[in-house]
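Analysis of the macromolecular model
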Amino acid sequence: MKQLLSSVSLLVIIFLSCTTAMAQSPAQAPAPSGPDNVTGILEKAGQYTTFIRLLKSTQVGDQINTQLNNSNQGLTIFAPTDNAFSNLKSGTLNSLSDQQKVQLIQFHVIPSFLSASQFQTASNPLRTQAGGGSNAQFPLNVTTSGNQVNITTGIVNATVANTVYTDNQLAVYQVDQVLLPLDFFVTPAPAPAPSKPKKGSPADSAAGSSDDASVDSSRANCAGNVMFYMSLALVSFCYLP
C-alpha cells in the first residue's frame, strides 16, 4: 500500500512539474513554409532537364524564386518537357543569342497566377515576362475547349498537358511544345525606299524653268557682246584716215 501511494505521489509530482513548465513556456507556432523553388519543383516532377538547365544558365530561375519570396503577385509557368525540346529543329537553341535565350525562358512565364479555370476568361494576348503582347513582338494567346487549354505564339501551337504544381501563388503547367516567340523567326520587312519625284512634277517643272532661264540669260549676254564689238568696229572704221 505504501509503495502504491509513493508511486501515485511521484506521478502527481511529475505531472505538476510538466504542467508548470508548459505554462511558463509560450506556445510556438510552426515556422511558415515558403514556396519550393521552381527548379526544385521541376526536378521532383522529372522530364524537365533541358528547361531546368536553361532556367539556371539564363538566371531566370533565380529571378522567379526572388519574386516568389518577395511578392504576393504570383506567377504562372509553362514548362516544356525534354521531349518538347527534342522536337525542335536541329540547331534551334544554338542559333539563339544569350539575350534571346533569356527572352525565350521569360516567354514561358506569366507575371500573375492563373488557375486552370482562369484560362477560360483570360484576355489575349497574355503578357509574359519577355514583354507585353500588344507590341507584336511576343504575342501569346490562349484558347480553351472544355478542359483543354491551347496556346499559340504565331509560330507554335501547344497544349497544356497537365498541372505540375499549384499553391495559389505559383502555377506550373506542362506544355507539349517549346513556345517559340514570333519575333525570333520572322524577318521584319525592310523600310520602303524614298520615292523619286515623277516626271512632270512641280519639282521638275521648277528645275526646268530654272535651266531655261539660265540658257536665255547666256544667249542675251552673248548677243550683247556681239553688238558691242560690232559697234566698236564701225566707229573705228569711220575714223580711219
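As the structure is a prediction and not an experimental result, all values here were calculated from the model. (Residues numbered from 1 in each chain as written. Predicted model: local features only at pLDDT ≥ 70, side-chain atom pairs only at ≥ 80, totals over all residues. Heavy atoms only, no water.)

Quick word on the confidence of the model for the protein
- In this model, the protein carries an average pLDDT of 76, and 59% of its residues clear a pLDDT of 70 or more.
- Ignoring residues within four places in sequence, the model shows residues 18-33, a span with pLDDT below 50, making zero contacts including any to other chains.
- For the stretch residues 232-241, pLDDT sits under 50, and the model shows zero contacts to residues farther than four places along the chain or on other chains. (pLDDT = per-residue confidence, 0-100. Contact = heavy atoms within 4.5 Å.)

Here's the deal with the packing of aromatic side chains
- Counted according to the given criterion, the structure contains five aromatic pairs.
- Seen from their ring centres, Phe 119 and Tyr 173 are 5.3 Å apart, and the 65° between their planes marks the pair as edge-to-face. Here Phe 119, found in the loop between strand E2 (109-110) and strand E3 (141-145), pairs with Tyr 173, found in strand E6 (residues 170-175); they are 54 residues apart in sequence, far enough to count as distant.
- Classification of Phe 119 as buried rests on a relative accessible area of 2%.
- Given the relative accessible area of 3%, Tyr 173 is considered buried.
- Seen from their ring centres, Phe 138 and Phe 184 are 6.3 Å apart, and the 85° between their planes marks the pair as edge-to-face. Here Phe 138 is found in the loop between E2 and E3, whereas its partner Phe 184 is found in helix H7 (residues 182-185), with 46 residues between them in sequence.
- By way of ring pairs, the aromatic residues Phe 78, Phe 119 and Tyr 173 are connected into one cluster. (Phe/Tyr/Trp six-rings, centres within 6.5 Å; stacked < 30°, edge-to-face > 60°. Helix = DSSP H or I, 4+ residues; strand = E, 2+ residues; numbered from the N terminus. Buried < 20%, exposed > 50% of the residue type's maximum accessible area, 1.4 Å probe, protein only.)

Describing the sheet that holds E3
- If you walk across this open sheet you meet the six strands as E2-E1-E6-E5-E4-E3, and the pairing is mixed. A strand with exactly one partner marks an edge of an open sheet, and here the two such strands are E2 and E3.
- Summarising the sheet, strand E4 (residues 148-152) and strand E5 (residues 157-166) pair through three bridges and their orientation is antiparallel. Following the sheet pairing, Thr 152 is matched in E5 by Asn 157.
- Helix H2 (residues 38-45) contacts strand E1 (75-80), E5 and E6 of the sheet and is inclined by roughly 100° relative to E5.
- Contacts from helix H4 (residues 60-70) reach E1, E2 and E6, with the element oriented near 150° to E1. (Pairing = 2+ DSSP bridges. Axes fitted to C-alpha atoms, helices over the stretch in contact; angles between N-to-C directions.)

Quick word on the side chain of Thr 39
- The topology assignment puts Thr 39 in helix H2.
- Taking the relative accessible area as the measure of exposure, Thr 39 reaches 13% and is therefore buried.
- At 2.7 Å, the side chain of Thr 39 and the side chain of Asn 37 are in polar contact. (Polar contact = N/O pair within 3.5 Å; in protein donor to acceptor, adjacent residues only side chain to side chain.)

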